[in-house]
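Structural characterization, general
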Number of protein chains: 2
Amino acid sequence: MEKGGITYPEGFYASAVHSGIKQLEKKDLSLILSKSPCVAAGTFTTNQFKSYSLIWSLKNINNPINAVLINSGNANTCNGKENYQHTELLAKELSVIIEKDTSSILIASTGIIGKPLPHTSILKAMPELVKTLSPANHTLAAEGIITTDTILKQFHTSTGIKGKHKEVAIGGMAKGAGMINPCMATMLCFITTDAVIERDALQNALKEAVEKSFNMVTVDNDTSTNDMALCLANGEAKNKTIRTGTDEYNQFLSALQTTCAELAKMIASDGEGATKLIEVTVKGGWSIKDAKRVAKRIAGSNLFKSAVYGAYPNWGRILAAAGSVNAKIDVNNTAVSLCGVRVYKGAPLRYDEKKLQETMKSVKKITVEVDIKKGDFCATAWGCDLTEDYVKINKE
Amino acid sequence: MEKGGITYPEGFYASAVHSGIKQLEKKDLSLILSKSPCVAAGTFTTNQFKSYSLIWSLKNINNPINAVLINSGNANTCNGKENYQHTELLAKELSVIIEKDTSSILIASTGIIGKPLPHTSILKAMPELVKTLSPANHTLAAEGIITTDTILKQFHTSTGIKGKHKEVAIGGMAKGAGMINPCMATMLCFITTDAVIERDALQNALKEAVEKSFNMVTVDNDTSTNDMALCLANGEAKNKTIRTGTDEYNQFLSALQTTCAELAKMIASDGEGATKLIEVTVKGGWSIKDAKRVAKRIAGSNLFKSAVYGAYPNWGRILAAAGSVNAKIDVNNTAVSLCGVRVYKGAPLRYDEKKLQETMKSVKKITVEVDIKKGDFCATAWGCDLTEDYVKINKE
């Protein structure tokens, strides 16, 4: 098996096992390990209720990082303070096995809220987890972090930045399948790079990349109690240190943005019960904030999402969602295109509704373009259609 | 047939006909007429895209009002500027038939966005509409304003305020069945009273009553392009004029609040595809804003709404929704009750999950109580469960 995903950059190893949190022998525990300590950057949920795993990682993110332990099936959230000690215990035990500092280990969790973390089964599984570490196991690791996801989410790319023997590379994996729903869906993203880069530069780049990718598949700043995006840089490419503002920084940022955007789109199109990806681009925003707000609101409108599922070109629902946002909009000149067909410009436009319905039925990605005619700012948001299956999945 | 609903107060008449906007001979045009001119108050959508009918009513709300014309099946929104002239035409024609000023007629619409208003069929139907006016036709009128509603929404009450020969009365009817969905669902409410009341007092009372009722069944300030609540006071009770701040004002306000709250609950429990009403009460808010925000967010959470449909006591989704709001919350002491069962208080509480599931299955109203332990403010929001039928209804 080839290197790829999170093991695509130099010096990263991955593994996953079934520790017993999930049923049916499903992988539920993944590990990422770097041969040399990493500079780490992270973005974390804004939800006021936070997972104990996330609280641990927040506390240690600025240390040199050697490994990231991820479990699925249990959120380790709102389940009682003792679970923070159990989380610490996991880090301690892992640090002993890999012979590193406890403070060099990050932890992430996803799954059901309010259940005690089965730390003893996780502890039991650790030796096997470490024993099976390999650059070839990136797909296994991607499998170990999913919950209701139906597709594995991995991506890797080269940055074009010259290192000593190789180009600086970036790899990533993510989980998340509930973005269809504005109120709760854990998004986890783990990105690795062999770049030599300053911590500030890495943090700036990750923050900007996440803003334009993962944060545009969630709606109204609702984020899960466990959302986390981590980026580890282990310096194995031995390139000239990347500093904010330099050409190399911009090269690195654009590769990181591509990585995040690709993973974000995989998450949106894998929304629970979803059959189609919705991509909403808003132009003419008075500010970037305005453009983002409108794009997110449209991508998150239950009525529009249902219409997309029914291949029903109801552009009225697009306008109504747009108009309900606190953003500057020129209501007399706003223009709307649906799947490339211009349907509205201050007033309804003539178009072949039958044909547009056929298009909406046949394509996997529904593109919406709205020009609110107030300025030059632009933003893109992603969502997916709302189906009976979404309800089926979430009522249980 | 008895007086009731909007004809319960003295001197109001109602009627409804099928004008041809809807299929299958369904009533699609209603009229409310007062024997004497009314002081009117209104609250209107905050959506930036507004129905031409609503724009007309906004323009005339401060005039003495004799009649309100309401059509269902067509929103008269985003359908081209010429439709404003057609709206004016409707008011003109009706004013001629009832021999009143054009400026004394309000108009409201609900239905699909972006289609030309079929004003000629509406004009044709007007004579019949006026001819059939009667205090007994309040239920017919309630029928003429609905769209996807499955139940008619009417309420009336007495205020306890003495008039010359009778107590001051309040009656109302409403439509709206999409409140389950945060992004678009027209809510129309028409309230009549025979009170003698100052315009300012009436406007203040309506604003406050709507804030605590209809505005608590919508989420995140999303409102339809057509939302409107109107209150007409024709003075037929000949009571001592009600002024803001007096005891009579408070009596009137509380009766008006009851009317709005009852109609609001009917709307929430009649959510598209809904099987259960969700009532979320948030205590311990640092401010009324905080309490409202949290209550609305929980009532609007797709994940929680789906869980309610599945009778699945997933209180984690309640906390996650609460924590995602920009409001002060004491995360270490927040307490949650579901259907009267205390399930969380800073940590999970022991409770009989089987029994709670049975309760959730059997009751029609799911009550949620969350104490965020930051202050003394309290707010209640209403929603309903999210079902496969909601998607079925809205994909077409």
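Residues numbered from 1 in each chain as written. Chains lettered and ligands numbered in written order. Predicted model: local features only at pLDDT ≥ 70, side-chain atom pairs only at ≥ 80, totals over all residues. Heavy atoms only, no water.

1. Some details on the overall build of chain A
Stated precisely, the cut-off is as follows: Working definition: helices are DSSP H or I runs of at least four residues, strands are E runs of at least two. Numbering for both runs from the N terminus. For this measure, only C-alpha atoms enter the radius of gyration; the expected value for a globule follows 2.2 Å times N^0.38, where N is the number of residues. Exposed residues in this analysis have more than 50% of their type's maximum accessible area, buried residues have under 20%, and partly exposed residues fall in between, with area computed by a 1.4 Å probe over protein chains only. Here, residues are in contact when the closest pair of their heavy atoms is within 4.5 Å. Charge assignment: positive for Lys and Arg, negative for Asp and Glu; neither His nor the chain ends contribute. To locate a charge, the coordinates of NZ of Lys, CZ of Arg, CG of Asp or CD of Glu are taken.
Helix and strand counts for chain A come out as 11 helices and 13 strands. Over its C-alpha trace chain A gives a radius of gyration of 22 Å, about what one expects of a compact globule, namely 21 Å for 396 residues. Each of the 396 residues in chain A was classed as buried or not, and the buried ones make up 62%. Considering only residue pairs separated by 6 or more positions, chain A has 80% of its internal contacts joining residues 24 or more positions apart. Here chain A contributes 47 positive and 40 negative side-chain charges, whose respective centroids are spaced 3 Å apart.

2. Focus on the sheet that holds strand S12 (residues 365–371) of chain A
Either a parallel or an antiparallel arrangement is found when strands of a sheet pair, and the pairing is made through backbone hydrogen bonds. All names here are of chain A. Rule in force here: The pairing criterion for strands is at least two bridges between them, as found by DSSP. Here, axes are lines fitted to C-alpha atoms. For helices the fit covers the stretch in contact, and angles between N-to-C directions go from 0 to 180 degrees.
Overall, mixed pairing links the five strands, which are arranged S11-S10-S12-S9-S13 in an open sheet. Either end of the sheet is taken by a strand with one partner, and the two such strands are strand S11 (341–345) and strand S13 (377–384). The sheet shows a mean angle of 15° between the axes of neighbouring strands, direction not considered. In this structure, strand S9 (residues 277–285) lies alongside S13, joined through seven bridges in antiparallel fashion. The residue bridging Ile-278 from the neighbouring strand is Gly-383, located in S13. Where helix H8 (residues 302–309) meets the sheet, it contacts S9, strand S10 (335–338), S12 and S13, and its direction lies at approximately 130° from that of S9.

3. Here's the deal with the sheet that holds strand S12 (residues 365–371) of chain B
All names here are of chain B. The mixed open sheet is built from five strands, whose spatial order is S11-S10-S12-S9-S13. What marks the edges here is a single partner per strand, and that holds for strand S11 (341–345) and strand S13 (377–384). Strand-to-strand twist across the sheet, computed as the mean angle between neighbouring axes with direction ignored, equals 15°. Bridging between strand S9 (residues 277–285) and S12 involves seven bridges; their strand directions are parallel. What sits directly across from Val-282, in S12, is Val-370.

4. A closer look at the pattern of salt bridges
Residues and elements named next belong to chain A. Formally: One side-chain nitrogen of Lys or Arg within 4 Å of one carboxyl oxygen of Asp or Glu is enough to make a salt bridge.
The tally for this structure, following the rule as stated, stands at 30 salt bridges over all chains. Glu-198 is the salt-bridge partner of Arg-243, the closest N and O atoms lying 3.1 Å from each other. Here Arg-243, found in the loop between strand S8 (228–233) and helix H6 (247–269), pairs with Glu-198, found in the loop between strand S7 (188–193) and helix H5 (199–211); they are 45 residues apart in sequence, far enough to count as distant. The residue Glu-208 makes a salt bridge to Lys-212 at a minimum N-O spacing of 3.7 Å. Judged by its relative accessible area of 32%, Glu-208 falls in the partly exposed class. The exposure class of Lys-212 is partly exposed, given its relative accessible area of 48%. By sharing partners, the salt bridges in this structure join Lys-35, Glu-236 and Lys-238 into a single network.

5. Observations concerning the domain arrangement of chain A
For interface size, the figure often reported is the accessible area lost on association. Where we set the bar: Residue ranges for the domains trace back to a domain assignment, done automatically or taken from a database.
For chain A, the domain assignment lists domain 1 (5–269) and domain 2 (277–395). For domain 1 of chain A versus domain 2 of chain A, the distance between C-alpha centres works out to 32 Å.

6. Digging into the side chain of Ser-30 of chain B
All names here are of chain B. The line we're drawing: Whenever two N or O atoms come within 3.5 Å, that pair is a polar contact, provided that in protein one can donate a hydrogen and the other can accept it, and provided that, for residues adjacent in sequence, both atoms are side-chain atoms.
One can find Ser-30 in strand S2 (residues 29–44). With relative accessibility at 0%, the residue Ser-30 sits in the buried group. Polar contacts involving the side chain of Ser-30 include one to the main-chain carbonyl oxygen of Ala-141, which spans 2.8 Å. Discounting residues that sit within four places of it in the chain, Ser-30 has contacts with Ser-15, Ala-16, Val-68, Leu-69, Ile-70, Leu-129, Leu-140, Ala-141, Gly-144 and Ile-145.

7. What about unusual backbone geometry?
The residue Glu-25 of chain A is not glycine, and still its phi comes out positive at about 55°. Considering the arrangement of structural elements, one finds Glu-25 of chain A in the loop between strand S1 (12–17) and strand S2 (29–44). One non-glycine residue, Cys-339 of chain B, adopts positive backbone phi at about 50°. Residue position: Cys-339 of chain B is located in the loop between strand S10 (335–338) and S11. Residue classification places Cys-339 of chain B among the buried positions, given a relative accessible area of 16%.

8. Examining helix H7 (residues 288–299) of chain A
Selection criterion: The span you would expect from a helix comes to 1.5 Å times its residue count less one.
For H7 of chain A, built from 12 residues, the straight-helix expectation of 16 Å at 1.5 Å per residue is met to within 8% by its first-to-last C-alpha distance of 16 Å. Counted residue by residue, H7 of chain A has nine buried out of 12 residues, so it is predominantly covered.

9. Thoughts on the packing of helix H2 (residues 82–98) of chain B against helix H3 (residues 119–131) of chain B
Residues and elements named next belong to chain B. Let me state the cut-off plainly: Throughout, the term roughly parallel applies to angles under 35 degrees, roughly antiparallel to angles over 145, roughly perpendicular to angles from 65 to 115, and oblique to all others. Handedness of a helix crossing follows the sense of rotation of the near helix relative to the far helix, less than a right angle counterclockwise being left-handed and clockwise being right-handed. Classification convention: Asp, Glu, Lys, Arg as charged; Ala, Val, Leu, Ile, Met, Phe, Trp, Tyr, Cys, Pro as nonpolar; all other residues, Gly among them, as polar.
Two elements in contact, H2 and H3, have axes separated by 10 Å at closest approach and are oriented at 20°. When the axes of H2 and H3 are compared, the pair comes out roughly parallel. Crossing of H2 against H3: the hand is right-handed. Contacts between H2 and H3 involve His-86, Leu-89, Leu-90, Glu-93, Leu-94, Ile-97 and Ile-98 from the first element and His-119, Ile-122, Leu-123, Met-126, Pro-127 and Val-130 from the second. Of the residues in the contact of H2 with H3, the class split is 10 nonpolar, two polar and one charged.

10. Quick word on the packing of aromatic side chains
Between two aromatic rings, the relevant description is the distance of the centres plus the angle of the planes. Residue and element names in this part refer to chain A. The cut-off we apply is this: Between the rings of Phe, Tyr and Trp (Trp by its six-membered ring), a pair exists once the centres lie within 6.5 Å; its type follows the angle of the planes, with under 30 degrees stacked, over 60 edge-to-face, and the other angles tilted.
The tally for this structure, following the rule as stated, stands at five aromatic pairs over all chains. The interplanar angle of 55° and the centroid separation of 6.5 Å between the aromatic rings of Trp-56 and Tyr-84 together place this pair among those described as tilted. With Trp-56 in helix H1 (residues 52–60) and Tyr-84 in helix H2 (residues 82–98), the pair connects residues that are 28 residues apart, well separated along the chain. Exposure class is identical for Trp-56 and Tyr-84. Each is buried. What links up through ring pairs into an aromatic cluster is the set Tyr-52, Trp-56 and Tyr-84.

11. Topic: the side chain of Ser-134 of chain A
Residues and elements named next belong to chain A. Among the structural elements, Ser-134 can be located in the loop between helix H3 (119–131) and helix H4 (138–144). A polar contact of 2.8 Å, which involves the side chain of Ser-134, links it to the backbone nitrogen of Ala-136. For Ser-134, the residues in contact, after removing those within four places along its chain, are Thr-7, Tyr-13 and Ala-14.

12. A closer look at the packing of helix H5 (residues 199–211) of chain B against helix H6 (residues 247–269) of chain B
Residue and element names in this part refer to chain B. Where H5 meets H6, the axes come as close as 9 Å, and the angle between the chain directions of the two elements is 40°. Relative to H6, the element H5 is oriented oblique. For the crossing formed where H5 meets H6, the hand is right-handed. Mapping the contact onto sequence places Ala-201, Leu-202, Asn-204, Ala-205, Leu-206, Glu-208 and Ala-209 in H5 and Tyr-249, Phe-252, Leu-253, Leu-256, Gln-257 and Cys-260 in H6.

13. Looking at the pairing of S1 of chain A
Residues and elements named next belong to chain A. Of all six residues that make up S1, five are buried, and the element is covered over most of its length. Sheet topology places S1 next to S2; six bridges connect them, and they run antiparallel. Within S2, the position partnered with Phe-12 by the bridge is Ser-34.

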